[in-house]
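In case you want the letters, here they are:
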Amino acid sequence: MRRSNTPEMELPAVHNHRHLKQLVLFCFLMTSIAVQGQIRYSIPEETEKGYFVGNLAEDLGLSIKELSERGLRVVSRGKTSYFAFSLSNGYLYLNEEADREQICAQISPCLLQVEFISQNPVALYKVEVEIQDINDNAPTFPEVELLLEISEISAPGAHWSLLKASDPDIGVNSIQKYTLQQNTYFKLGAINEAGDEAEPELVLEKTLDREKMATHHLVLTAADGGTPARSGTLQIRVLVLDINDNAPVFSHSVYKVNVMEDVSEGTMLTTVTASDSDEGSNAEVVYSFSKVLSSVTSLFDLNSKTGDLYLKGKLDFEETQIFDLKIQARDIGGLVAQSKILIVVIDINDNPPVISITTLSSPVSEDSAPGTVVAVFNVQDRDSGNNCQITCSIPDNIPFQLKPSFDNYYSLVTDQSLDREQAVEYTIAITAEDHGKPALSTTTKIVLQISDINDNTPVFDHASYTAYIMENNPRGASIFSAKATDADWGQNAKISYSLIVSFKQADHMSSYVSINSDTGVIYALRSFDYEQLKELHIQVKAQDRGFPTLSSNVTVFLCIVDQNDNAPQILYPSLAMDGSTGVELASRSSVPDYLITKVVAVDTDSGQNAWLSYHLQRDTSSGLFTVGQHNGEIRTSRAILEKDAIKHTFVISAKDNGTPALSATVTVTVFLSETIPEMISEDSIPEPSRDSESSITLYLVIAIALVSCLFLAFLIALMILKILKWKNSKPLSSGNIHCTGLPASQFVGIDGVRAFLEAYSHDMTLKSYSENTDVKVQNALSTNTCNNNLTPLDRDLILLQDGSVAADNATSEVV
């Protein structure tokens, strides 16, 4: 359909010498044409800048508000932008003065295509503006004067081609007629039309007579059909030559040559030949260009003697496809023959495609739906035929695809869902390849960034953690760093840490540990005691700062490492309330390795810090007793001799295996005697005081003489008694003493040791009819009992000890 321009401004003023042109301009102000669904406007050429072209908003059916929202703009391809578009009123204006002859030359109609694009939604519009011709150019001849040499022998009716005038205008504004100044000998012949060209010819009407007139001056006028009409003139000077009655004749009227555009300079393209029937100097022919522009002669060279045509410039199919060269052959007598060389330039694929990015949307959200348009671009190729047929492609391993539009426009759209964690950005290489041989291609890279959404949960590198801290740690000490990572970016990847405390843990967990919300470092709020707390389970939560927030949890098992901060504790023999030491009784008839008693100690630490060893520190028994290093058992190391003292006191230490080692000591007193009553009586005799010792010394000095006399008799009697006693005593193996080994204890800790001690006891039986002692060590879980075979007197003499024997294992853990 045809749309009319509705200008809202007055026509610009023009110069006085263009007053006739104003009538032509006004004819095109009110009309514009839309062809094949596209909008077409028309304007006269040489209209000044700012000229109103058309109301594009109205023709597109869009309001002014829609124009701003869609962001409609003119697409520029780097060439002169002849038009400007106003978003404020929707009008299309002329941005540069348009000269139809400069833009389109002889092409009719002269159309300028204006492409518009909108961003939201992405859409393309095409507008054509026709530049109407006005008669602003007068016909011109390539030369000011034309010299013709005509033999006087020329017969009437002979004709000569004249120079053709040119007019850049088209239609009626171009050359319409030629007129020749009136004269007697010549007239203007019929116009010889060849295609779009019209060449005037000079026709001889009357035989020339050089003797009457040697030179004729003529004026050729070329006029166009414009209003007002314009014209140009050519001065023709005719020299009449003497008697040369045969003109040269070309072998062909037209020489046609097909030349590839990449042919090298200096190549001979063709050879023209002309013959002359005359003889001698009148038959010599000289070749030259006839009526050829200087721009053409700069590309070609014609040998005047041989007729060889050479290329001396570089051809370009994209600039000129056909060259029409007029040549002439002149003999020495001035007779001329004319011919034509038609050079057809054949296109080669020497121009790669050109990619122009029209719009690019970056960054693109990773949750964009497939089919989202991210870029629009245009592809052009200056070649022709298959050489300008273009195929565009992108790599296959990216989530995008190309969709062709119209007029070599393409859209780059998403082909599948995007994931910023897999690719932060895409460098997309767009390749445009033509169909020439060999094919030429152009690659343009665009960088498309992917924006992040919060779709990844913070992740710890382990399912759970185990941390260790030494007990007695300082408050505020760093325990462990729980580190989580988030595959997202920016605010979505920033993580804050917190402790998850259940309702049951709320009271004590907050007093044990705290966590740095930014770094995830866990700190101890108190000093831990292994003996009170051995393990702590901490729930750590990592939460990102995206929207919506995502989080994950992990458990940190905090193990308290024991430190040797507790000394061993002696459980048996226990220290009496009155400060006396433990007292043990042993028979003088005890055999070597006889178990006297057992020192029992425990250590509340664990591991090697609770491994105890027993050592004899101070001993008054001259090596009579030994202490088991690992079980604390006090045994006789040899048989008891008569010279051994009755009372033996020694100090035993219980030492742990920690660093540094800690220890505890206990004093043990052992009494040796034959029978229980003797041991009791000896033990009950009080030591004399210091005052009585001085009196006794005085008496002893007085009685020393008597004692010396009786001493020998006493020794003899004592020896006899010992011998008799030894003979009457039974061997140790047949006596009533029974020793059984103590089983290894399975009790653990202080409470276990005490339970063991309650179940462990000595069962000692004394018989009145024997001087030997029958001692039984029971390992059953029972209290101290007496032998049923004892007499009532024996039962009365039983000495029950309140002590117990502990297990070898004095540590707080089962090893």
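Residues numbered from 1 in each chain as written. Predicted model: local features only at pLDDT ≥ 70, side-chain atom pairs only at ≥ 80, totals over all residues. Heavy atoms only, no water.

> Break down the overall build of the protein chain for me, with residues and values.
Along the protein chain, the regular secondary structure elements total ten helices and 55 strands. Per-residue burial over the protein chain gives 41% buried out of 815 residues. Carbon and sulfur atoms make up 53% of the accessible area of the protein chain, which amounts to about 43900 Å² in all. (Helix = DSSP H or I, 4+ residues; strand = E, 2+ residues; numbered from the N terminus. Buried < 20%, exposed > 50% of the residue type's maximum accessible area, 1.4 Å probe, protein only. Areas by Shrake-Rupley, 256 points an atom, 1.4 Å probe, with all protein chains shown as cover.)

> Before we move on, could you go through the pairing of strand β17 (residues 215–224) and cite the residues and values that matter?
Summarising the sheet, strand β12 (residues 175–180) and β17 pair through five bridges and their orientation is antiparallel. In the strand pairing of β17, Lys 177 is matched with Ala 223. In this antiparallel pair of consecutive strands, β17 and strand β18 (residues 231–241), the connection spans six residues. (Pairing = 2+ DSSP bridges.)

> Break down the pairing of strand β52 (residues 647–655) for me, citing the residues and quoting the values.
Strand direction decides the pairing type here: strand β49 (residues 613–619) and β52, joined by six bridges, are antiparallel. Considered in β52, the bridge of His 615 is made with Ser 653.

> Describe the nonpolar core, with residues and values.
Across soluble globular proteins, you tend to see nonpolar side chains buried next to one another. Counting 27 residues, the largest nonpolar core has Phe 250, Phe 300, Leu 325, Ile 341 and Ile 343 as the members making the most contacts within it. Listing elements by their share of this core, those giving two or more residues are β20 (254–260), β23 (285–289), β24 (300–302), β25 (308–311), β26 (322–331) and β27 (336–346). For Phe 250, the residues in contact, after removing those within four places along its chain, are Tyr 255, Val 272, Thr 273, Ala 274, Tyr 287, Ile 327, Gln 328, Ala 329, Ala 337, Gln 338 and Ser 339. (Core = buried A, V, L, I, M, F, W, Y, C linked by side-chain atoms within 4.5 Å. Contact = heavy atoms within 4.5 Å.)

> Explain the pattern of salt bridges to me, using residue names and the numbers behind them.
Evaluated as defined, the whole model comprises 13 salt bridges. Residues Glu 145 and Arg 237 are paired through a salt bridge, measuring 3.7 Å at the closest nitrogen-oxygen approach. Here Arg 237 lies in strand β18 and Glu 145 lies in strand β10 (residues 145–151), a separation of 92 residues in the sequence. A residue is classified by how much of its surface remains accessible, and Glu 145, at 41% relative accessible area, is partly exposed. Between Glu 633 and Arg 635 there is a salt bridge; the shortest N-O distance is 2.8 Å. (Salt bridge = Lys/Arg side-chain N within 4 Å of Asp/Glu carboxyl O.)

> Would you mind going over the side chain of Thr 669 in detail, with residue names and values included?
The topology assignment puts Thr 669 in strand β53 (residues 663–673). A polar atom in the side chain of Thr 669 sits 3.4 Å from the side chain of Thr 649. (Polar contact = N/O pair within 3.5 Å; in protein donor to acceptor, adjacent residues only side chain to side chain.)

> Residues and numbers for the environment of Asp 452, please.
Residue placement: Asp 452 occurs in the loop between β35 (441–451) and β36 (459–460). Since its relative accessible area comes to 16%, Asp 452 is described here as buried. In the structure, Asp 452 is positioned 38 residues away from Gly 490 in sequence and 8.2 Å away in space, judged by C-alpha atoms. Beyond its immediate sequence surroundings of up to four residues, Asp 452 is in contact with Glu 366, Arg 420, Glu 421, Asp 488, Trp 489 and Asn 492. Among the polar contacts made by the side chain of Asp 452, one reaches the side chain of Arg 420 at a distance of 3.1 Å.

> Outline the sheet that holds β25, supporting the account with residue identities and numerical values.
Read across the open sheet, the three strands follow the order β21-β25-β24; overall the sheet is antiparallel. Strands with a single pairing partner mark the edges of an open sheet, and in this sheet they are β21 (268–271) and β24. The mean angle between the axes of side-by-side strands here comes to 20°, regardless of whether they run parallel or antiparallel. As judged from the three bridges shared by β21 and β25, these two strands associate in the antiparallel manner. The residue of β25 that forms the bridge with Thr 271 is Asp 308. (Axes fitted to C-alpha atoms, helices over the stretch in contact; angles between N-to-C directions.)

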